[in-house]
Amino acid sequence: MANRIKIKKGLQIPLLGKPEETLLGSITSEYVQVCPEDFQGITPKLKVKVGDTVKAGQALFFSKMHPDMMIASPVSGTVTAINRGEKRRILNVTVKADKKNTYVEYGKSEIGTLPPEEIKKRLLDAGIWFVIKQRPYDVVADPGKEPRDIFVTGFDTAPLAPSYDFILKGQEADLQTGLNALARLTKGKVFLSISPATKNEGLRKAANVTITEFEGPHPAGNTGTHINYLAPVNRGEVVWTLNALDVLFIGRLFNKGVVDLTRTVALTGSEVKQTGYYNMLVGTELGKLFADNVNGKGNLRYISGNVLTGTRIEAEGALRATHSQLTVIPEGDDVHEAFGWASLSPKRYSAGATYLKLKKAYRLDARLLGGPRAIIVSNEYDKVFPLDIFPEQLIKSTLAFNIDKMEQLGIYEVAPEDFALCEFVDTSKLELQRIVRTGLDMLRKEME
């Protein structure tokens, strides 16, 4: 029986729009976009130019620091645009998809017959190494460093999160193959975290892993929480982190011999007419999906991911590489209230005691409902932050870029997502995730 750890601190935000466990079909688009900013820590160098034809699994660009680390095209087709922003930073590479995908053949393989270096090389060549991230710094893993341990997250507790049981049904073989590959890449342990409600046999009976159950409110499903409770990261140590849904990409590579970047994505949010799941490739443009399936009243915010950590996109935007959830909520900029925050409307929700807490789901919008101000030491972070770390002190030392203090306070084992709930309840309205991301990037540059 798996060990169980109960998390008491946290918050489950009661949002409207939970996904129904129904597969509503597949979504395709004429164009597919791959965005380098999805791959934290990578400086992209192009492998293609406008007009080139590519196959699914062929590299579009690679990492400047690690030239053997490729990023694959999800589809076969023709490169039609390379869009750039300030200082010629690459925003996305756009591929016009063929009607039928043609794949680069990498060959099926038995994991047990491959040495670890060959497994690593195949992941790098196939352009799917990006699914492996590392702590410290929460960036795409450095393939030149061996991990002490590998952490795989098998459930999600974020607002309106997709069901891993539903998505993984029928894909257990690919999941196990991916886990077997990861087990060959470390001399330490592969920790698989699941929830007490997990029913999928692929997760419950996974081999070559150490299974632990985590019970409690969000962020019980965050990798940072699992690392903190199971095996914290110290200076000089490196651990790798993955999501169980990303492990499927690894399993498909070895079971099918091709790069299949298909995701089963949950369409969620209060403004969605019919919530549920759709199959689509990474980078699929979403205009067709949103056009017929969202309420047309007021301004809307479209998010690839969840409301706490997702990426804001346009209505015609694309599914980002690391997400298996899409969320649509009201923007709120067209709302005018007579008494503002002092209104006692039952539609209002507060994590504290400002408003009555009703047992219902709320239609919340994207407004801050307040302006930035000096950080207030009120222990409000501690109520939703279960890690054995002092969050307020860590934020302050990060703002001051006090490296010694950051190390003492546990900067090496956290990621921006670990502070998402703190940001939600923060009276000061500080962009805590941005602060942590900036601090990690500066620290990485300083230390490496």
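Residues numbered from 1 in each chain as written. Predicted model: local features only at pLDDT ≥ 70, side-chain atom pairs only at ≥ 80, totals over all residues. Heavy atoms only, no water.

### Details of the overall build of the protein
Point 1. Check the secondary structure of the protein and you find 11 helices and 20 strands.
Point 2. Relative to its length of 448 residues, the protein is compact, with a C-alpha radius of gyration of 22 Å against a globular reference of 22 Å.
Point 3. Summarising its shape, the C-alpha atoms of the protein cover approximately 65 × 50 × 50 Å along the three principal directions.
Point 4. Sorting the 448 residues of the protein into buried and exposed places 54% on the buried side.
Point 5. A separation of at least 24 residues holds for 69% of the contacts in the protein among residues at least 6 apart in sequence.
Point 6. Put simply, the protein shows about 20,400 Å² of open surface, and 50% of that area lies on carbon and sulfur atoms.
Point 7. When the 58 basic and 53 acidic side-chain charges of the protein are each reduced to a single mean position, those positions are 1 Å apart. (Helix = DSSP H or I, 4+ residues; strand = E, 2+ residues; numbered from the N terminus. Rg over C-alpha atoms; globule rule 2.2 N^0.38 Å. Buried < 20%, exposed > 50% of the residue type's maximum accessible area, 1.4 Å probe, protein only. Contact = heavy atoms within 4.5 Å. Areas by Shrake-Rupley, 256 points an atom, 1.4 Å probe, with all protein chains shown as cover. Lys, Arg positive; Asp, Glu negative; His and termini not counted. Charge placed at Lys NZ, Arg CZ, Asp CG, Glu CD.)

### Observations concerning the side chain of S63
Point 1. With respect to the secondary-structure elements, S63 resides in strand β6 (residues 59-63).
Point 2. Not counting chain neighbours up to four residues away, the residues in contact with S63 comprise I42, T43 and M69.

### Thoughts on the sheet that holds strand β20 (residues 325-330)
Point 1. Taken together, the 6 strands give an open sheet; going across it, the order is β2-β17-β16-β20-β18-β19, and neighbouring strands pair in mixed fashion. Every other strand in the sheet has two partners, leaving β2 (23-26) and β19 (311-313) as the edge strands with one partner each. Taking the axes of each pair of neighbouring strands and ignoring which way they run, one obtains an average angle of 30° across the sheet.
Point 2. The sheet contact formed by strand β16 (residues 262-268) and β20 spans 3 bridges and is parallel. When the bridges of β20 are listed, L267 appears paired with L326. (Pairing = 2+ DSSP bridges. Axes fitted to C-alpha atoms, helices over the stretch in contact; angles between N-to-C directions.)

### A closer look at the packing of helix α8 (residues 391-399) against helix α11 (residues 432-447)
Point 1. Axis separation between α8 and α11 bottoms out at 9 Å; the angle between their running directions is 55°. Here α11 runs oblique to α8, going by the angle between their axes. In the packing of α8 onto α11, the handedness of the crossing is left-handed. Facing I395, T398 and L399 of α8, the residues of α11 in contact are L432, I435, V436 and G439.
Point 2. When the residues that make up the contact of α8 with α11 are grouped by side-chain class, the tally is 5 nonpolar, 2 polar and no charged. (Parallel < 35°, antiparallel > 145°, perpendicular 65-115°, else oblique. Left-handed = near helix turned anticlockwise from the far one by under 90°. Nonpolar A, V, L, I, M, F, W, Y, C, P; charged D, E, K, R; others polar.)

### Let's talk about the sheet that holds β6
Point 1. The strand order across the open sheet built from 3 strands is β4-β6-β7, with neighbouring strands paired in antiparallel fashion. One side of each edge strand has no neighbouring strand; the edge strands of this open sheet are β4 (44-46) and β7 (70-72). Recorded for the sheet is a direction-independent mean angle of 35° between the axes of neighbouring strands.

### Some details on unusual backbone geometry
Point 1. The residue after R135, namely P136, is reached through a cis peptide bond having omega 10°.
Point 2. Locating P136 in the fold gives a position in the loop between β10 (133-135) and β11 (139-140).
Point 3. Residue P219 follows H218 across a cis peptide bond; omega there is 20°.
Point 4. Mapped onto the fold, P219 is located in the loop between β14 (210-215) and α5 (223-230).
Point 5. With phi around 60°, K429 is a residue other than glycine that occupies positive phi space.
Point 6. Looking at where K429 falls in the secondary structure, it is placed in the loop between α10 (420-425) and α11.
Point 7. Exposure remark for K429: the relative accessible area of 21% places this residue in the partly exposed category.

### Digging into the pattern of salt bridges
Point 1. Enumeration according to the criterion identifies 27 salt bridges in this entry.
Point 2. When the shortest N-O distance is used, the salt bridge between R135 and E417 registers 3.9 Å. Note that R135 is positioned in strand β10 and E417 in the loop between α9 (403-408) and α10, a separation of 282 residues in sequence.
Point 3. The class of R135 is buried, set by a relative accessible area of 1%.
Point 4. On the basis of relative accessibility, which here comes to 28%, the residue E417 falls in the partly exposed class.
Point 5. Ionic pairing is found between K256 and D260, a salt bridge with its closest N-O pair at 3.2 Å. (Salt bridge = Lys/Arg side-chain N within 4 Å of Asp/Glu carboxyl O.)

### Regarding the pairing of strand β13 (residues 190-194)
Point 1. Judged by how many residues are buried, β13 sits mostly within the fold: 5 of 5 residues are covered.
Point 2. As paired elements, strand β12 (residues 150-153) and β13 share 4 bridges and run parallel to each other. Residue pairing for β13: F151 is matched across the bridge by F191.
Point 3. Pairing of β13 with β14 involves 4 bridges; the strand directions are parallel. Each residue of the ladder has a partner; that of L192, found in β14, is I211.

### A short note on the side chain of H226
Point 1. Along the chain, H226 falls in helix α5.
Point 2. Taking relative accessible area as the criterion, H226 reaches 1% and is therefore assigned buried.
Point 3. Within the structure, the side chain of H226 is placed 2.8 Å from the backbone oxygen of A220, a separation counted as a polar contact.
Point 4. For H226, the contacting residues outside a window of four places in its chain are F151, T153, F155, S193, F214, A220, G221 and A231. (Polar contact = N/O pair within 3.5 Å; in protein donor to acceptor, adjacent residues only side chain to side chain.)

### Observations concerning the environment of L440
Point 1. Topologically, L440 is positioned in helix α11.
Point 2. We classify L440 as buried; its relative accessible area is 0%.
Point 3. Separated by 328 residues in the primary sequence, L440 and G112 have C-alpha atoms spaced 36 Å apart.
Point 4. When sequence neighbours within four positions are dropped, the list of residues in contact with L440 reads Y137, D138, I411, V414, A415 and P416.

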